[in-house]
Amino acid sequence: MSEEIIKSIERLKAEKNAVIMVHNYQSPEVQDLGDYVGDSLGLAQIATETDADVIVSCGVYFMAETASMLCQDKTILIPDANAGCDMANMITPFQLEALKKEHPDAVVVTYVNSTAQIKAMSDICCTSANAVQVVNSIPREREVIFIPDRNLGRYVADKLGRDNIIFYDQGFCPVHDRMLLQYAVRARHEYPTAKMCLHPEGRLDVLKTADMVGSTTGILNYCKESAAKEFIIGTEIGILHRLRQENPGKKFYPLLPIADCPSMKLSSPEKIMLCLENMEVEVRVDPETAAKGVKAIDRMLEVSS
């Protein structure tokens, strides 16, 4: 990364009263530019607290949408509008409407990895960190439609022992879904003293082999606090940069070295500079959709606070 680009970004941030918010899965050079680095909901919450006028959201599109929903008075920019989320795009309003008609009394629980339109059609949102808590807050006799991630839904159902959760079988994260049991077995053999930390977007049979299952923030905290010196990390490999930065005396091995999300890597220092220079691409969710979606997010925060 050139010093000239860094200086240009700093100058533009000062001129525009802007901050750069970066997801844990972004490339190392983008993470190093971030004013804030974290998970999707954590970044959205920080967005509501900052006094910046402009937020550059370095992640995927739904994250910028969530920031816009929560911060209607701010300008939300994304460095590359093609940075979509495969999972978020796997369910459409039409498909959710069909599910709701099939199960009219069900509570719709929506993972934050979803589009603004889907959030607006939901009863309550959840994150990978609080999904179990959110579903547990719903009376056990009520059916639950859990979208869009079938793997996170099955993990929640298994943890709570609930058999009335309706999964959306077409929804999953391609990066986590290709982490198969055979890779966990191999990693255990190669690194027998390492703790295995897995993200709950993974397959249930793989999650059952873990020492801990948690969100990116949960994994970061666990590895920092653990006395162990070696860790197998089962999530998108972008998180390894921060893990190694924060734990210089420890070793981290990816469960799957090719666990790389192409969309998460579309941001770059050059694109961030151009994004601030040209004030595009702007992401703005219309007020009506935003208001409905924020209700579902607020319900989640009430349950998990």
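My aim in this report is to walk through the structure given alongside it, one point at a time.

What counts and how
- Residues numbered from 1 in each chain as written.
- Predicted model: local features only at pLDDT ≥ 70, side-chain atom pairs only at ≥ 80, totals over all residues.
- Heavy atoms only, no water.
- Helix = DSSP H or I, 4+ residues; strand = E, 2+ residues; numbered from the N terminus.
- Contact = heavy atoms within 4.5 Å.
- Salt bridge = Lys/Arg side-chain N within 4 Å of Asp/Glu carboxyl O.
- Buried < 20%, exposed > 50% of the residue type's maximum accessible area, 1.4 Å probe, protein only.
- Pairing = 2+ DSSP bridges.
- Axes fitted to C-alpha atoms, helices over the stretch in contact; angles between N-to-C directions.

### Considering the side chain of Thr216
Here's step 1: Position of Thr216 among the secondary structure elements: in helix H12 (residues 216-225).
Here's step 2: Setting aside anything within four residues of it in sequence, one finds Thr216 in contact with Asn24, Tyr25, Asp39, His199 and Ile239.

### Some points on the pattern of salt bridges
Here's step 1: Counted by the stated rule, this structure contains 15 salt bridges.
Here's step 2: Its salt-bridge partner being Asp158, residue Lys208 comes within 3.1 Å of it at the nearest N-O pair. A residue pair is termed long-range when its members are at least 10 positions apart, and Lys208 in the loop between helix H11 (204-207) and strand S10 (212-213) and Asp158 in helix H8 (residues 150-160) qualify at 50 residues.
Here's step 3: Across the salt bridge formed by Lys265 and Asp260, the nearest N and O atoms sit 3.1 Å from each other.
Here's step 4: A residue is classified by how much of its surface remains accessible, and Lys265, at 25% relative accessible area, is partly exposed.
Here's step 5: A single salt-bridge network, built from bridges that share partners, covers Glu10, Lys13 and Asp35.

### A look at the sheet that holds strand S6 (residues 124-126)
Here's step 1: Taken together, the four strands give an open sheet; going across it, the order is S6-S5-S7-S8, and neighbouring strands pair in parallel fashion. Of all strands in the sheet, those bounded by a partner on one side alone are S6 and strand S8 (165-167). Going across the sheet, the axis of each strand differs from the next one's by a mean of 30 degrees, ignoring polarity.
Here's step 2: Where strand S5 (residues 107-111) and strand S7 (residues 144-147) come together, four bridges link them in parallel fashion. Residue pairing in the sheet places Val108 in a bridge with Ile145 of S7.
Here's step 3: Against the sheet, helix H5 (residues 93-102) makes contact with S5, S7 and S8, and its axis sits at roughly 165 degrees relative to S7, the strand it touches most.

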